[in-house]
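Listed below are the residues making up each chain.
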Amino acid sequence: MKKILVLSTFLFISITGAFAQSATDKELIQLSMDKWQWMSDKNVDKLKDLFDDKAKFVHMSGTWKKEEELEIIKSGSIWYRKANVKDTAVEIFENTAIVWNRITLDAVVRDQVVVTEFTVTEVYKKQGSTWKMLDLTFSSVRDSHALKK
């Protein structure tokens, strides 16, 4: 009986450890959530610090660089009113990380309210003690789309 209890405890700890998020995963998920809030708030000062100077942004209507993205957010030509994040996955490769968010985006685009399902891919690189965003890509998907983890 004692052997079974010890084995069961070990198995439980092993399984829960395998599914637990690392501190770095949690940090990146929080950074991604903060980014959605900053975009909603049109807080270009915070976003300017987050976005690498060579960052690229891929939307349904085009691709642009950091300064263009910041101007679009500041001017409100795209207002990211609310990103309802339904699922998130993180993969880390040394000092590079990819964060995928499956979202429903409530936005105003050129004065039109739009609600769209996306999988958003965010690429980050650790620079010193901070993460910088290198890429943000929106991919239109069905609501039934699921992230593979």
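Before any of the text, the structure's been laid out above.
This write-up is about the structure you can find in this document. No experiment lies behind these values; they were computed from the predicted model shown. Counting of residues starts from 1 at the beginning of each chain's written sequence and follows it residue by residue. In view of the model being predicted, local features appear only for residues whose pLDDT reaches at least 70, and side-chain atom pairs are presented and counted only at 80 or more, with totals across whole chains, interfaces and linings using the full set of residues. Only hydrogens and water are set aside when side-chain values are computed; all heavy atoms of the structure are taken into account.

1. Some words on the pattern of salt bridges
Right, so step 1: One speaks of a salt bridge when a side-chain nitrogen belonging to Lys or Arg is within 4 Å of a carboxyl oxygen belonging to Asp or Glu. Counted according to the given criterion, the structure contains 4 salt bridges.
Right, so step 2: In this structure, the salt-bridge partner of Lys35 is Glu122, at a minimum N-O distance of 3.0 Å. Linking Lys35 in helix 2 (residues 23–41) with Glu122 in strand 5 (residues 112–127), this pair joins segments that are 87 residues apart in sequence.
Right, so step 3: Salt-bridge contacts for Arg81 lead to Asp106; the nearest nitrogen and oxygen are separated by 2.8 Å. Separated by 25 residues along the polypeptide, Arg81 in strand 3 (residues 78–93) and Asp106 in strand 4 (residues 96–109) bring together distant segments of the chain.
Right, so step 4: A relative accessible area of 24% places Asp106 in the partly exposed class. Here a helix means four or more residues in a row that DSSP labels H or I, a strand means two or more in a row labelled E, and each is numbered from the N terminus. Partly exposed residues are those whose accessible area sits between 20% and 50% of the maximum for their type, while under 20% is buried and over 50% is exposed, using a 1.4 Å probe and protein chains only.

2. So, helix 4 (residues 66–75)
Each α-helix winds once per 3.6 residues, and so residues spaced three or four apart point in a common direction.
Right, so step 1: Buried within helix 4 are the following residues: Lys66, Glu69, Leu70, Ile72 and Ile73. All buried residues of helix 4 fall inside an arc of 160 degrees around its axis, so they share one side. Those residues of helix 4 that are exposed and aimed more than 90 degrees away from the buried face are Glu67 and Lys74.
Right, so step 2: Note on contacts: a residue pair is in contact if any heavy atoms of the two residues lie within 4.5 Å. Contacts from the buried residues of helix 4 go to helix 2, helix 3 (44–50), strand 1 (51–59), strand 2 (62–65), strand 3 and strand 6 (130–140).
Right, so step 3: Downstream of helix 4 by one or two residues, Gly76 has phi in the positive range, about 85 degrees. For this quantity, the arc is that covered by the directions from the helix axis to the C-beta atoms.

3. Concerning the environment of Ser77
Right, so step 1: Within the secondary structure layout, Ser77 lies in the loop between helix 4 and strand 3.
Right, so step 2: Owing to a relative accessible area of 30%, Ser77 belongs among the partly exposed residues under this scheme.
Right, so step 3: Between the C-alpha atom of Ser77 and that of Arg110, which follows or precedes it by 33 residues, the distance is 5.3 Å.

4. Describing the nonpolar core
Right, so step 1: Think of a nonpolar core as a cluster: buried Ala, Val, Leu, Ile, Met, Phe, Trp, Tyr and Cys residues, connected wherever their side-chain atoms sit within 4.5 Å. Counting residues in each nonpolar core, the largest one holds 32 residues, and the members touching the most others are Phe51, Ile103, Leu105, Tyr124 and Phe138.
Right, so step 2: For this core, the leading source of residues is helix 2, giving 6 residues.
Right, so step 3: Among all residues touching Leu105, those that are not within four sequence positions of it are Tyr80, Lys82, Ala83, Val114, Val115, Thr116, Phe118 and Phe138.

5. Topic: the pairing of strand 2
Right, so step 1: Pairing between strands is defined by DSSP: at least two bridges between them are needed. Pairing between strand 1 and strand 2: 4 bridges, direction antiparallel. Looking at strand 2, one finds that Val58 is bridged to Thr63.

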